[in-house]
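# A structural walkthrough
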Amino acid sequence: MALRLPSLKIWIQSTCLLVFFGGYAILFAVSKTALEAESLQHHQHLVSSVRRGLIRQSLTLPIVSPLGFRAELLRDAETSAPSMYTGPKGAVWITSVSPLPSDGSNSFLRVTENASDFNKSHQAVLNMMIFTASASVLVAALLLRLVIWRGLVIPLNDLSREMDCVEADSLGSRLIDLKLHPSEFQHIVHAFNDLQSRLSSSWQRERQFVDGVAHELRTPITVLTSSAERLLEEAPCSTQSSIDLILAESHRLADLLNVMLDFARVDAGRLALSIELIDPELFQIHAFERLQGLSPHRIRLAAPTQTVVPMIHADEQRLHQCLAALVENALRYSSGFVDMALSIHHEYVVFHVIDQGKGIPEKERDNVLQRFVRGTTSIGTRGSGMGLAIVNDLMMLMNGMLVIDNVQAGGGDVQLKFRTSMPLESP
C-alpha cells in the first residue's frame, strides 16, 4: 500500500530544516571533538616543555603553579596518555603520566593541568556556533517559506484556477499558456492541454451523435403517434386497446427523447432559458388546470395561503416541466391523492407535490437525483430514472433547489424552492 505524502510545502520545509539541523549538529560534534583534541595537544606540548627543562636541569620537581599547573615525580607508576576529567566545582583537568629519561631508576613524570579557562573559551566558541546555527536556520526557514510560497504555492494556485475555469462547453478552446508557468510545471500544463483536446474531440462527436439521433428519431415518432391517433378513430373496438398501447408508448418515447435532448443541452451549456417574473399563485392555478387531466380524481389543489406570495424569477415553461414531472412521479409511485400546494418558508417560495406513497428514504435522496438511478420504493413500477435528474438540472439552471422530504403521516413531499425576488414584509 503506497504511503500518502503530506502537504508538499510542509514536506519540503521539513526536509530542508532537517538537513540544516543535521548539518549543524555534525559540524558541532566535529568542532567539539577538534577543540578537545587541541586541548590534549596543548597539554602534550606542555609536558614536552617540562621534560626538556628537566633534561637541561633548568627545572626541578615538584612544580606547583598558582594557575593550576602541577608537575611531580612518581616511582613505579604506569604510563597514561593525556585525558580529561571534571573535578570539583566543575573544573576541567587534564592529566598524563610519562616516563622520564632513564637514569637507572624507574621514574615517571605526572603533569596535571587546569584546562577550565581554555575549555571555557572553546565552549564560548561552540555556543557562538550554536547561536549562529539557530539564527541561520531561522533565516533559512523564513527564506525557504518565501521561496516555496512564491515558487510553488502561487504558481500551483494560478494553475488550479485556470484549470477550474475550464468547462465542458469550453474544452479545447481555453488552452493554458505554457509560457506563463515555471518550467517545472510545463509538462503538467502540456498534459492537461492534450487531455483537453482529446476530451473536446470526444465531446464534439458525442454532441453530434445526440443531435443527429434526436433529429432522426423525431420524424418516425411523430409518424407513429399521428398514425396511431388516426387508427384509434377508425379502427374497431377490438383493436383499440392495442392502438392505445402504441399511442401511449409513442408519447412515452417522445418524452424520453425530449429529456435526453435536455440532458445533452445541459451538459453542453446550450439549454436556453427565458427567465422572467412569475406570479407563483397564478402559475400554480394554471399548472393545476393543465395537469388535472392526468388523473382528475387524484390531483388536488391546496387552499391558497393567507399571506401575499412574492414574485419569483424562473422560466415558466421549464418550471411547468419540472412540476409536471413531479406530479407524474407522484401518480406513478403512489395510489392515493396527490396534492399541489404553495408555501412561503423564510426567503423562499416553495412549490409542494405531496403524495400518499412510501416516500423516499433519506439515505437514497442524493442518489435518486443522479441520472438513470431509481430508489428502492420504485421497484415493480415502470420508469427511466431520469425524471428527478432533469428536474434537478433545470432547477439549478434557474437558481432554484429541488428538495426531497417526507411527510409525518406517510408519503413524499417533493419541493421546488425559489428565492423571492423581493424582501418579505414582516407580519
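Below, the structure is looked at part by part. (Residues numbered from 1 in each chain as written. Predicted model: local features only at pLDDT ≥ 70, side-chain atom pairs only at ≥ 80, totals over all residues. Heavy atoms only, no water.)

Moving on to the sheet that holds strand E7 (residues 299–301). Strand order in the open sheet formed by five strands is E7-E9-E10-E12-E11, with mixed pairing between adjacent strands. Unpaired on one side and paired on the other, E7 and strand E11 (401–406) mark the two borders of the sheet. Neighbour-to-neighbour, the strand axes of the sheet open up by a mean angle of 25 degrees, direction not taken into account. Here E11 runs beside strand E12 (residues 412–419); their pairing, made up of six bridges, is antiparallel. (Pairing = 2+ DSSP bridges. Helix = DSSP H or I, 4+ residues; strand = E, 2+ residues; numbered from the N terminus. Axes fitted to C-alpha atoms, helices over the stretch in contact; angles between N-to-C directions.)

Time to look at unusual backbone geometry. In this structure, His346 is a non-glycine residue whose phi angle is positive, near 55 degrees. Assignment of secondary structure puts His346 in the loop between strand E9 (338–345) and strand E10 (348–354). For Asn399, which is not glycine, the phi dihedral falls at a positive 60 degrees. Inspection of the secondary structure assignment puts Asn399 in the loop between helix H7 (387–397) and E11.

All right, on to the packing of aromatic side chains then. Summed over the entire model, instances satisfying the criterion amount to two aromatic pairs. With 5.8 Å between their ring centres and 80 degrees between their planes, Phe283 and Phe351 make a pair best called edge-to-face. Placement of Phe283 in helix H5 (residues 280–291) and of Phe351 in strand E10 is noted, with a sequence separation of 68 residues between them. Looking at Phe283, the relative accessible area reads 5%, which means it is buried. On the numbers, 6.3 Å between centres and 85 degrees between planes, the contact of Phe351 with Phe418 is edge-to-face. With Phe351 in strand E10 and Phe418 in strand E12, this residue pair connects regions lying 67 residues apart in the sequence. Residue Phe351 shares its accessibility class with Phe418, and that shared class is buried. Ring-pair connections join several aromatic residues into one group, and the members of that group are Phe283, Phe351 and Phe418. (Phe/Tyr/Trp six-rings, centres within 6.5 Å; stacked < 30°, edge-to-face > 60°. Buried < 20%, exposed > 50% of the residue type's maximum accessible area, 1.4 Å probe, protein only.)

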